[in-house]
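# Descriptive analysis of the structure
These are the residues of each chain, in order.
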Amino acid sequence: MRILGAYLAGLCVLLAAATATAQPQALELDEALVLLETLGEPERFPSANSVIGFSHSYVDFEESGAYDEYHHVFIKILTDEGLRRHGDESFVFNRRYGSIDIQTARVVKQDGTEVIVGEDLITDGTPAMVAAMDIYESDLREVTVVFPNLEVGDAIEILVHMEFEPLVENGYNGFHIVQDISPVVETSVTIVGPASMPLKHAVKGGELEFAETEAEGKRTYEWRGENLPQIDPEPAMPGLAQVATRIVVSTVQTWADLSRYLWAMSDEKCVAEETVIDLVEEITEGLETREEKIRAIHYWIAENVRYLGISMDRGAFLEPHFAAYTLENEYGICRDKAVLMVTMFEEIGVPSWIVAVNVNRTTDTEVPTVFFEHGIVAIEGPDGDYLYIDPTQQTSREIYATYLSDRWVLLLTEVGSDIRRAPAVPASRNSGRIVDASTLREDGSIGGSVTITGSGMYEEILRTISRQAGREQIEMAWDEAVQGLYPGAAMTRFEITDSEDLSEPMAITVAYDVTDYALAAEPYLLFRVPAATGSFDFLSDVLFSRLMGLASREYPLALQVTLGLEEEAEVAVPADYELTSLPDDVAFEEGVITLEIDYEFVPPPAEGGHGIVKYRHTFAINSFQVSPEDYLSLKEAVRLAGRSARGEVILMKKEG
């Protein structure tokens, strides 16, 4: 106990010194060994692969907005998975606007020694993602540090110094995630800047101690936290930028200020040079309506300007290229394609604005920051509101983005705009549509044809899969789906539209035939409506089989889009059979989840013919993120749908 007390006392002194409001300094080896020992054995953190002993960030920004940032972290490895995760660390930056210096990088061994990372293990190269896209951008760099001879029980220490030009001229923006999928014993973020440039700031996703001081014209802000619990990853959860404890800071005081600033930066690039003017004339020739011209421009950009998914400039949504530059190179990131679209729309007399939006996380609206993930375009709609167009959507027939539902958007305007929510998009606009017609024969066999189409994101998923997999693999997949109907089922016809042709709806048509499908138990025939088995709805199968395994969730299920399904089926039954029983109907609505399943029997007409069993199934998730509470509702809907799918139609042969 005396030895443990000494270690704890040493740790307290060490952490108190490390979190002082000054630039972080590398630990002395004996200090590092005390910390390594004090962090204890894996049993102390039974569900963790590593433990972050401390994570300290220190930022000093100038009136220009330029800033120095130091990041100092000490991580103990607890398992082989932790070893894989922390065997190397990478930092991406653009050397036109900043630099990175690895001041300290070492392995602290549990035997009391250290292994210094040599220069040969610190590499500076093109990010692998960019290289894979065959795009050469010499200024976009990735520094990778490899930790040699790292073993379970060891720790890594890394101290990085970064220098950056301002993201916003004469301003500073910061976003610091202080929680991790590993437990964090101690964390601190210190920001120092001119007292004349006060920070707006907010802590989201948790609580931290905060102190603010001022001296000699400088104002210091410091946040500290201890024993932050690890975040246990869940399937399809939002990223750490949404669910972790985080600090958001900015010298920008209002969203309108930021809107005006980014508008000025983008507007000067919306120049219609001759190449742009000629292109607009070419692709809109012969078109008369505003909508036709908008669609033509949208499709042309989607099909001809490749999307580069990594920013090549200073920050998120800053410094787009000139429209003609993007046109000439035939690639660009979202803001480049947005500038090109706005410029082309101007040539057809359609006023438009660039819009900043976060797609993968909810925006922290308390503090105006430039940290947006995506740039799209807005035009005025017929009701005076805005319609949003995403020029990076290359596999969607929809002109207007259907994924924006309820997300926060910032229009870049000359007078400045406040942040606002995009209108809710009902699940019906991102819905699959499955129509099945079949005939049940008296011998129990069944034959039919099903057509699968969709709108919005559902159709986009269909089109994307078709482009990536190719016709042969898609046909094989549907052959397997048909075989899933019943042993011996066979696909007799397969048709698919051209996934590259955005002018036509995406559609897949499959004909099938199944022997011995119905159970014959004289005088009864028992069968399931083919569509009710779920064999034709691939998306729900993926969603419910892979994302619904948890009994409950701590974090939202991030679908990123509202989603729906409409199924209609008719089964013609033998004329000399009458209905005995149908599966139960289902009507469920709770939170953002709705489910309806209806069965109906239409007797044969008096003049003779087949009776018809009608089946209708509608399902909707009317939110792009399913809260933990709504997740329980979703599980109940899935359970009810599964029970209904097992229900059978029972027919009885008429007497005589």
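In this report, the structure presented in the accompanying data block is examined.

Scoring rules and cut-offs
- Residues numbered from 1 in each chain as written.
- Predicted model: local features only at pLDDT ≥ 70, side-chain atom pairs only at ≥ 80, totals over all residues.
- Heavy atoms only, no water.
- Helix = DSSP H or I, 4+ residues; strand = E, 2+ residues; numbered from the N terminus.
- Contact = heavy atoms within 4.5 Å.
- Areas by Shrake-Rupley, 256 points an atom, 1.4 Å probe, with all protein chains shown as cover.
- Lys, Arg positive; Asp, Glu negative; His and termini not counted.
- Charge placed at Lys NZ, Arg CZ, Asp CG, Glu CD.
- Patch = residues over 30% accessible without salt bridge, like charges linked within 9 Å, V, L, I, M, F, W, Y side chains within 5 Å.
- Salt bridge = Lys/Arg side-chain N within 4 Å of Asp/Glu carboxyl O.
- Pairing = 2+ DSSP bridges.
- Axes fitted to C-alpha atoms, helices over the stretch in contact; angles between N-to-C directions.
- Buried < 20%, exposed > 50% of the residue type's maximum accessible area, 1.4 Å probe, protein only.
- Arc of directions from axis to C-beta.
- Core = buried A, V, L, I, M, F, W, Y, C linked by side-chain atoms within 4.5 Å.

### Considerations on the overall build of the chain
- The secondary structure content of the chain amounts to 14 helices and 35 strands.
- Dimensions along the principal axes, computed over C-alpha positions, put the chain at roughly 100 × 75 × 40 Å.
- In the chain, of all internal contacts separated by at least 6 residues, the share reaching a separation of at least 24 is 75%.
- A total accessible area of about 28900 Å² is found for the chain, and carbon and sulfur atoms account for 49% of it.
- Positive and negative side-chain charges of the chain, numbering 48 and 112 respectively, have mean locations separated by a distance of 3 Å.

### As for a nonpolar patch on the surface
- Judged by side-chain polarity, Val-271, Phe-322 and Tyr-325 come together as a nonpolar surface patch covering roughly 240 Å² of accessible area.
- Looking at the secondary structure, you find Val-271 in the loop between α6 (255–267) and α7 (274–283).

### Focus on the sheet that holds strand β25 (residues 508–514)
- The strand order β24-β25-β23-β22-β29-β33-β32-β31 describes an open sheet built from eight strands, whose pairing is mixed. With partners counted over all chains shown, the strands left at the sheet margins are β24 (490–496) and β31 (586–590), one partner each. When strand polarity is set aside, the average angle formed by the axes of neighbouring strands in this sheet is 10°.
- Relative to strand β33 (residues 611–621), strand β29 (residues 563–573) runs antiparallel, the two sharing 11 bridges. Each bridged residue has a counterpart across the sheet, and for Gly-564 the counterpart in β33 is Ala-620.
- Contacts between helix α12 (residues 471–483) and the sheet are confined to β23 (446–454), β24 and β25, with β24 contributing the most and set at about 145° to the helix.

### Quick word on α7
- Among the residues of α7, Val-276, Leu-279, Val-280 and Ile-283 are the ones counted as buried. Here the buried residues of α7 occupy an arc of 100° about the axis, which is enough to place them on one side. Seen from the buried face of α7, the exposed residues on the opposite side, beyond 90 degrees, are Glu-274, Glu-281 and Glu-282.
- Looking at the buried side of α7, the elements it contacts are α8 (290–304), α9 (323–329) and α10 (334–347).

### Here's the deal with the nonpolar core
- Counting 60 residues, the largest nonpolar core has Trp-478, Phe-527 and Val-529 as its most contacted members.
- Apart from residues no more than four positions distant in its own chain, Trp-478 is found in contact with Ile-452, Met-491, Phe-494, Ile-508, Val-510, Ser-535 and Phe-536.
- If you look at the next biggest cluster of nonpolar residues, it comprises 39 residues, including Ile-297, Phe-372, Ile-389 and Leu-412.

### Some points on unusual backbone geometry
- With an omega dihedral of 10°, the bond running from Glu-522 to Pro-523 counts as a cis peptide bond.
- Look at Asn-227: it is not a glycine, yet its phi comes out positive at around 55°.
- Along the chain, Asn-227 turns up in strand β13 (residues 218–228).
- One non-glycine residue, Asp-406, adopts positive backbone phi at about 65°.
- Mapped onto the elements of the fold, Asp-406 is located in the loop between β19 (386–389) and β20 (408–411).
- In this structure Asp-406 comes out as partly exposed when scored by relative accessible area, which is 33%.

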